[in-house]
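# Breakdown of the fold
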Amino acid sequence: MSSVRGNLNAGHSNGGGTVQGSMEDEMLAFLIDNEAQLHTYDDLTKVNPVTPTTVLRCLQARYSMKVFYTHAGCTLVALNPFQPVPELYSLGVMKEYHCAPQLKDQKPHIFIVAEEAYRNVKGQLVPVDQSLVVSGESGAGKTWTSRCLMKYYATVAASSSVVESQDTVERIERRVLDSNPIMEAFGNACTLRNNNSSRFGKYIQLQLDRRQLLVGASVQTYLLEKTRVANQPPNERNFHIFYQMMKAASDEQRKEWKMPHGHHFAWLPNVEKTLEEDCFQETLDAMVHLHINMKQQRQIFRILAGILHLGNVKFSISVEESQPCEIKDQSKGYLQIASQLFQIPPEHLQTCLIVRTLKAGKQRVHKPCSQVECCLRRDCLAKVIYAQLFEWLVAYINNSIFADKSTWCNFIGVLDVYGFECFQSNNLEQLCINYANEKLQQHFVSHYLRAQQEEYVSEGLQWSFVKYQDNRACLDLLEGSPFSVFSLLDEESRLNRTSDARAFRIRLEKELGDNSSIGWDKFSKVPHFTVAHYAGNVEYKIDGMVEKNKDPVAPEIIGLLQVSENPLLQHIFTEKGIDNSSSKGISKVTVVSKFKNSLETLMRILHNTTPHYTRCIKPNSDCKPLVFKKDEVIMQLEACGIVETIHISAAGFPIRIPFKAFIQRYGFISKHSSYESGPSHFEMMTGCNSEIHLQEVERLLCLLVQHPRYNISREPKSWVHRGRTKVFLTQSMLDLLEDQRRKVLSRCAFSIQCCWARYQRRKRHERRRSATLIQAAVRSWLVRRRVQRWDRAAALIQKSWRRWRELLKSLAEVELDDAEDLIQGEVAELNATIGERGSVWLSGIQEPVTVRGWPMGLALPLAPSIGMSARATGLQKMMSVVASLKLPSRRGTYKVETNQNIKGVASIRAQPKGSVKVHCQPSPLLYANCQPEMSNYVTGFNEILLEKTL
C-alpha cells in the first residue's frame, strides 16, 4: 500500500517544483510512448499517471476510433456519437454480454453496467436492489442511454420459455418499451442543446421475481416543465406531441381538430424544423399496445388541439378598469373552437379568462382582470390541463405495467433526469433542474468518494485522502436551514402580496451573503443571483420566479373543467378539485416544496440500493458527429469528478465484504486447496464467534498471498487488506477469488458428478444383470415348457401313429381275404373259369386282366386316361365295367377316364398281374364307403386297397 500511497501523495502534493516537474515528465513520457496505443485503454485506471490531460487524450483517441464507452473505475463514461450506431445495440450484442462468463473480459459498453446490475440482483451474498444513475449535461445522450437499458432488460429479463409466463412476458416487455415513445412525445422537446431533451425526470422501476424475470414496472416522474406549453424560449420548440399532430395527422383528424394545413399557432414555433422524433404513428401504436382505446385517444387529441387553439386567443386592453378585457375579434373564433374541443360552454370559458372570482367571507366578488392577468389565466389554464393530462398518462401506464407486490421481490431502477442546464436566461425551471443534478452529484460523492475513504480510515487502512470537489456548500445554499434560496422563495410565495424582484434580491443578499456559492453582479440592471454549481456558474433571473413558484390555479378554472362534457377532462380534474376544496388556494403547496419532497423520496430509494453510475459526456455543443472539443469535455470531466473517481478506484478497494460473509463464500477455497498455511478453523466455526472469524480470515488471506498459483506475493496489500470488520479487495483480487471459487466448485461438482455417474452406472449394471438373469430364467422355463409340450405331442403322435398303423394293418389283413403274396417273376396262368366271368385287355399289358367284382377302374394304375378294350359277360358284369370306366350308355367312340383321377388318388400298390379280386367291404380309408350313382360321372370306391391275388 505504501507505493500506491506514495503515488497519490505525489499526484496531489502542493510542494516544490520538483514533484510537479516529475509529474509533468511522467505525463509527457506516457503520452509520447503510448500515443499509438491510447485508444486501447478501455479502463482509465490503467492510465499512469492519472491527470486530466492523460484522461482527456485517451478519451479523444478512443472517440476518433469510434469507441464511445470507457471504464473509469466504478463509473462508465459514455461519449455521445451524435449519429446512429445500430450495430452497437443489436440483439446479438445483448446476448453476447448477457452470456459472457466474465464481464471484465468484454469491451466497455452500457450493456456491461446493465448486466452487472442484473447479476447483482441475485447478489454475491444476499439479493439487493439496484439503481442505474445516468447523469450528464443536456444533450449528452442520457435519454438514449436509458432507452438502451430499458431495451436490454426487456429483452434479457423477459425472455423465457416458460409457457405459463408467456402472457406476462409479452405484456410487460411490450408495454415497458412502449411507455418510452409516449412519455418522450409528451415530456420531451427540442432545445438549443438537444433535439430530444427530457423536460421532466423519471425513475423507472423494473420489477423482477425470484427467477429474475421481468414481471412488472412502474414510472415515477419529477417536475414536468409545463411552462413550455405556453412559453417557448427563442429558437426552441414546444413538446413533440404537438408537432406530431400538426405534421402527420390525417385529413379526417385535422377536420375534427380544426387544424388545416398551413395553419399557424402561436404556441407552436419552428414548425418547419423536422426531427426524427416527429413520428406520430409510433406514438399511436404505443397507445394501442398500452390499451388506450380509440375513444380515449380521440379525447386526448381533442384536448391537445384545444390547448393550441387557446394559445391563439388574444385580449385587448380595457378602456375602463371596472370593465373586463375584450377578446379580439380575430381571436373569438379560436375561443369558440377551444370551447368545442374542451366541450365546455364558450361563454363560461370567456368569463373564466377575463373575470376573477374573489372570496370575501361567505360572499363571492367578481373582479375584471387586466390584459396581463387575462394572459396569465389563459396560460395557467393551458398548463394545468397539460400537466394533469401528463400525470393521467403516467398513472395509466403504471396501471398497465405495474405488478402486485406479492409477485416481485427485487427491482432495478433506471434514473433519467434532465441534465445540467445553463442558458442565457435561466429561471425557476433551470434552478430546480440544476438542483436535482446537485443532489445526484452529492449522492455520488457521499456514496463513493467520501464514504469509501472514510471507511478505509475507520477500518484501519493506511490511506492518504484524495481531494475531490464537494458540492455540500452549494446544496446548503439551495436547501439549507434556516435560510436558503428555496426557503426564502417559499416564504415570499406564501405572502399575499405582489412580488418584487429587487426586494427579493436584497433579501437573498442579506440572508445568504456569507455563502461562497452565491454571487451578484452589482452593475446589472436586471435582478438576478449567480450560483456556483459543481458544473459551473449559472446566473438566474429573479423576475417571474416567485409567480412560477406559486403556480396559482384559480378555483373557477378547476370548476370550469370539472363540468366539461369531455369524460377524460372531467375525470382528471375531479380528484384535483376535491383536494383543493378545503384550502384557500393551491399556492400553499409551492413548486419548490413539491419538487424537494419528490426528490427526497428518490434519494432515499437510491441510498437503499446499489448504484451504478454512467456519466454521459457531450463531445461538442453543436451536436456534430465525431467532433471532439477538448475544452468542453475537460469541463465536464472536472465537474463530474471523473479524475478523482479514477484516482480512488485505482488506489483503493472498491469491494468490501464482512468477515462472516467472506468466509461463507470463500472459506472452502482453503479447505479444498492442496497448499495449506496452517490449521483450519473453518469446520469448527460456530457462526457468531468474531475471534474465529478473524482467525479464519487471517489464515485464508495468508493462503491467498503465499500460494504460488495466485502470484500476488510481491505486493499483497495492493490486492487485499483485512480491516477491523471487513475484507477489502480490489476488482482484480475479487475476480481472482471468484475464478478460484468457480474452479473449486467445478472440481467439487466434477467429483459429485463422478460419484453420481459411478452410482448410476453400478445401478444400471445391477439392473441389467438382474434383467439378464430374469430373462434367462424365463427363456429357460419357456424352452423347457415348449420341449415338454413337444415331447408329449411327439409321444402322442407316435402312439397314435402306431395305433393307426396297427389298425390299418389289421384292417388290411381282414380285407385281403387270405390273399397270398405274388411270387416275384412268376405269372400264373389264367383260369378259364375266371376268364369266362370277365376280363379286361389293357394296352400296356399283353394278356387280359381278369376282374372279379367291381369297380374295374381301380385296376388301372398306369395312366389316368388309357386306350383299352373290355370284354365282359353277363348284364351285371357289363354294368360294373361301364360304371367303373364311366362309360355312357350309347355306343360310339369312348375315352375312358377312371374315377381315381377325379380325386387325384392312385392308391394301387402294385401293377396287377393276373387275377384281381375286388372286395366291397367297408374300409377305414377316406371315401371308401361312398356308393356309385347312376350318373354321367360315377365316384366312389377310389380308395379300395387292392392286392394281387392268384
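Thresholds, definitions, all that
Residues numbered from 1 in each chain as written. Predicted model: local features only at pLDDT ≥ 70, side-chain atom pairs only at ≥ 80, totals over all residues. Heavy atoms only, no water. Pairing = 2+ DSSP bridges. Helix = DSSP H or I, 4+ residues; strand = E, 2+ residues; numbered from the N terminus. Patch = residues over 30% accessible without salt bridge, like charges linked within 9 Å, V, L, I, M, F, W, Y side chains within 5 Å. Areas by Shrake-Rupley, 256 points an atom, 1.4 Å probe, with all protein chains shown as cover. Salt bridge = Lys/Arg side-chain N within 4 Å of Asp/Glu carboxyl O. Lys, Arg positive; Asp, Glu negative; His and termini not counted. Charge placed at Lys NZ, Arg CZ, Asp CG, Glu CD. Buried < 20%, exposed > 50% of the residue type's maximum accessible area, 1.4 Å probe, protein only. Axes fitted to C-alpha atoms, helices over the stretch in contact; angles between N-to-C directions. Contact = heavy atoms within 4.5 Å. Phe/Tyr/Trp six-rings, centres within 6.5 Å; stacked < 30°, edge-to-face > 60°. Expected span 1.5 Å × (residues − 1). Bend = angle between axes of the 7 residues up to and from the residue.

### Focus on the sheet that holds strand β14 (residues 528-533)
In any sheet, the strands associate via hydrogen bonds between backbone groups, in a parallel or an antiparallel arrangement. An order of β13-β14-β15 is seen for the 3 strands of this open sheet, with the pairing classed as antiparallel. Looking at strand neighbours, the two that pair on one side only are β13 (518-519) and β15 (536-541), the edges of this open sheet. With 2 bridges connecting them, β13 and β14 associate as antiparallel partners. Bridge pairing in β14 places I518 opposite V531.

### Structural notes on a positive patch on the surface
Side chains of K799, R802, R803, R805 and K809 sit close together on the surface and give a patch of like positive charge. Within the secondary structure layout, K809 lies in helix α28 (residues 731-815).

### Here we look at the pairing of strand β16 (residues 610-617)
Within a regular strand, side chains alternate between the sheet's two faces. For β16, a buried count of 7 out of 8 residues is recorded, marking the element as mostly surrounded by other parts of the structure. Judged from the 5 bridges that link them, strand β2 (residues 75-79) and β16 form a sheet pairing that is parallel. Note that in β16 the partner of T75 across the bridge is Y613. Here 7 bridges tie strand β3 (residues 130-136) to β16, and the two strands are oriented parallel to one another. When the sheet's bridge partners are listed, L132 is paired in β16 with H612.

### Observations concerning the sheet that holds strand β19 (residues 726-729)
In spatial order, the strands read β17-β19-β18; together these 3 strands make up an open sheet with antiparallel pairing. Strands at the two margins of the open sheet, each flanked by one partner only, are β17 (655-658) and β18 (720-722). Averaged over all adjacent pairs, the angle separating strand axes in this sheet is 20 degrees, with direction ignored. As paired elements, β18 and β19 share 3 bridges and run antiparallel to each other. Each residue of the ladder has a partner; that of H721, found in β19, is F728.

### Considering the environment of G419
Mapped onto the secondary structure, G419 falls in the loop between β12 (410-416) and α15 (428-458). You can call G419 buried: its relative accessible area is 2%. Along the backbone, G419 and A436 are 17 residues apart, and their C-alpha atoms lie at a distance of 8.9 Å. When residues no more than four places from it in sequence are discounted, the contact partners of G419 are G136, E137, S138, K142, I433 and N437.

### Observations regarding the packing of aromatic side chains
All chains considered together, the criterion is met by 23 aromatic pairs. Geometrically, the ring pair formed by Y435 and F486 is edge-to-face, given 4.9 Å between the ring centres and 90 degrees between the ring planes. Of this pair, Y435 sits in helix α15 while F486 is found in helix α17 (residues 485-494), placing the two residues 51 residues apart along the sequence. Take F486: its relative accessible area is 1%, and that puts it in the buried class. An aromatic cluster of at least three residues, connected via ring pairs, comprises Y89, Y97, F111, Y118, W144, Y152 and Y153.

### Regarding helix α26 (residues 659-671)
Owing to its 3.6 residues per turn, the α-helix brings residues three or four apart onto one side. Over its 13 residues, α26 runs 17 Å from end to end, which matches the ideal 18 Å to within 8%, given 1.5 Å per residue. Its maximal kink placed at R665, α26 deviates by approximately 50 degrees. The element α26 is largely enclosed, with a buried count of 10 among its 13 residues. Three or more residues of α26 are buried, namely F659, A661, F662, I663, R665, Y666, G667, F668, I669 and S670.

Purely spatial values, then, with no claim about function.
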